[in-house]
Amino acid sequence: MKKAIKDAFVDIISFINYIFIVTINFIRKKSIIRVLVYHSIPTSDSGDNIDMEVPSVILEGQIDYLSRKGFKFLEADNLIKITESKTFSDNKKAVLITFDDGFYNNYLNAVRILDRNKIKALFFIAAEELGKGSFSWLPGNNYGRPLNWQEVKEISARGHLIGSHTLNHKCLSKIDRDDLKKEIFESKKIIEKNIQKEVKYISYPFGFYDSFNEKIKNLCKEAGYKAAFSNILGDVNKNSDLYELRRVRISKKDKGLRFIMKLAGAYDWVDSIKRIV
């Protein structure tokens, strides 16, 4: 009951914020560039209370909405060029689609939807989790299995980018330096060896404020990554840090108006409050 009241309060405040944002963006004609992050894309709703799950029909509807509203689907390399050159005025409404963890159902469902719409996405995989029966950091088998290397190679061959989500999805800020370097450096090498392509990008496991720091960001630069993605709500703008790029977390609750509001940035305030509290 308490959670329902809390969620309703967040939705009301975010709706008020949404009206404000839409008005300001209309007046200023502000560019909107958002990186969306998905996780599990099951064929149907499991019925479990798993926020990271977005059934394929919902993903399909969101892609359709973005297309109808004239959003440009960016590839990761284009996003980084825009960020480095600060040419945001040329990209009024644009999104990059990303996936974290490396669920088999990304290959089974998401790739099919993306390919049909001629969209190239960025898939972040935990290199040493591939081929296992389940993810080591997720309880039980309700989430489905990780991808295997053959599936990753096929995703790559279809023109999608593969990025690192480290080796085993450990919280990088809570491990010693030797393990930290291994998670960041070795995952890149393993993926590159298997797909025979450069791995340019990494996403931080968990990805919140307390899961990475300046030391970790510097190690990502040293390893040769061109950019790193967090899971902190926000957009990509002229002030963005390439090694702390913000994304919009999408869950199965994000349907209809709620998805539109998230896309506009109406919920971005939530993570700022969490950091303070």
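Everything discussed here concerns the structure shown above.
Since we're looking at a predicted model, the values are computed, not measured. (Residues numbered from 1 in each chain as written. Predicted model: local features only at pLDDT ≥ 70, side-chain atom pairs only at ≥ 80, totals over all residues. Heavy atoms only, no water.)

### A closer look at the overall build of the protein
When its secondary structure is counted, the protein shows nine helices and eight strands. At 18 Å, the protein has a C-alpha radius of gyration in line with the 19 Å of a compact globule built from 277 residues. By its C-alpha atoms, the protein is 50 × 45 × 40 Å across when sized along the principal axes. Taken across its 277 residues, the protein has 52% of its residues classed as buried. Sequence separation of at least 24 residues holds for 69% of the intrachain contacts in the protein that already meet a minimum separation of 6. Accessible area of the protein: about 13200 Å², with a carbon and sulfur share of 54%. (Helix = DSSP H or I, 4+ residues; strand = E, 2+ residues; numbered from the N terminus. Rg over C-alpha atoms; globule rule 2.2 N^0.38 Å. Buried < 20%, exposed > 50% of the residue type's maximum accessible area, 1.4 Å probe, protein only. Contact = heavy atoms within 4.5 Å. Areas by Shrake-Rupley, 256 points an atom, 1.4 Å probe, with all protein chains shown as cover.)

### Concerning the environment of Lys-120
For Lys-120, the position within the fold is in the loop between helix H4 (104-116) and strand E4 (122-125). Leaving out residues up to four positions away in the same chain, Lys-120 has contacts with Leu-74, Glu-75, Arg-158, Gly-159 and His-160. Among the polar contacts made by the side chain of Lys-120, one reaches the main-chain carbonyl oxygen of Arg-158 at a distance of 2.7 Å. (Polar contact = N/O pair within 3.5 Å; in protein donor to acceptor, adjacent residues only side chain to side chain.)

### Considerations on a nonpolar patch on the surface
Judged by side-chain polarity, Phe-9, Ile-12, Ile-13 and Ile-16 come together as a nonpolar surface patch covering roughly 400 Å² of accessible area. Mapped onto the elements of the fold, Ile-16 is located in helix H1 (residues 2-28). (Patch = residues over 30% accessible without salt bridge, like charges linked within 9 Å, V, L, I, M, F, W, Y side chains within 5 Å. Salt bridge = Lys/Arg side-chain N within 4 Å of Asp/Glu carboxyl O.)

### Section: helix H2 (residues 56-68)
Between its first and last C-alpha, H2 extends 18 Å over 13 residues, near the 18 Å set by a 1.5 Å rise per residue. Listed in full, the buried residues belonging to H2 are Ser-56, Ile-58, Leu-59, Gln-62, Ile-63, Tyr-65 and Leu-66. Buried residues along H2 sit against strand E1 (32-38), strand E2 (72-73), strand E3 (93-99), H4 and helix H8 (257-264). Backbone geometry just downstream of H2 places Gly-70 in the positive-phi region, at approximately 80 degrees. (Expected span 1.5 Å × (residues − 1).)

### What about the environment of Ile-250?
One can find Ile-250 in the loop between strand E8 (245-249) and H8. A C-alpha to C-alpha distance of 9.6 Å links Ile-250 and Leu-263, two positions 13 residues apart in sequence. In contact with Ile-250, other than residues within four places in its own chain, are Leu-36, Val-37, Tyr-38, Asp-51, Val-54, Gln-62, Phe-259 and Lys-262.

### Describing helix H5 (residues 149-157)
Along H5, the positions that sit buried rather than exposed are Trp-149, Glu-151, Val-152, Ile-155 and Ser-156. Here the buried residues of H5 occupy an arc of 160 degrees about the axis, which is enough to place them on one side. Away from the buried face of H5 by more than 90 degrees, exposed residues Gln-150 and Ala-157 are located. Those residues of H5 hidden inside the fold are in contact with H4, E4, strand E5 (161-164) and helix H6 (177-195). (Arc of directions from axis to C-beta.)

### Points about the side chain of Ser-14
Tracing the chain through its elements places Ser-14 in helix H1. A polar contact is formed between the side chain of Ser-14 and the backbone oxygen of Val-10, at a distance of 2.8 Å. Within the structure, the side chain of Ser-14 is placed 3.5 Å from the backbone oxygen of Ala-266, a separation counted as a polar contact. Look past the residues within four positions of Ser-14 in its chain and what remains in contact with it is Met-261, Ala-266, Tyr-267 and Trp-269.

### Details of unusual backbone geometry
Phi is positive for His-169, which is not a glycine, with a value near 65 degrees. Following the sequence through the fold, His-169 ends up in the loop between E5 and H6. We classify His-169 as buried; its relative accessible area is 8%. The phi dihedral of Phe-206 falls on the positive side, at around 70 degrees, and the residue is not glycine. Inspection of the secondary structure assignment puts Phe-206 in the loop between strand E6 (201-203) and helix H7 (214-223).

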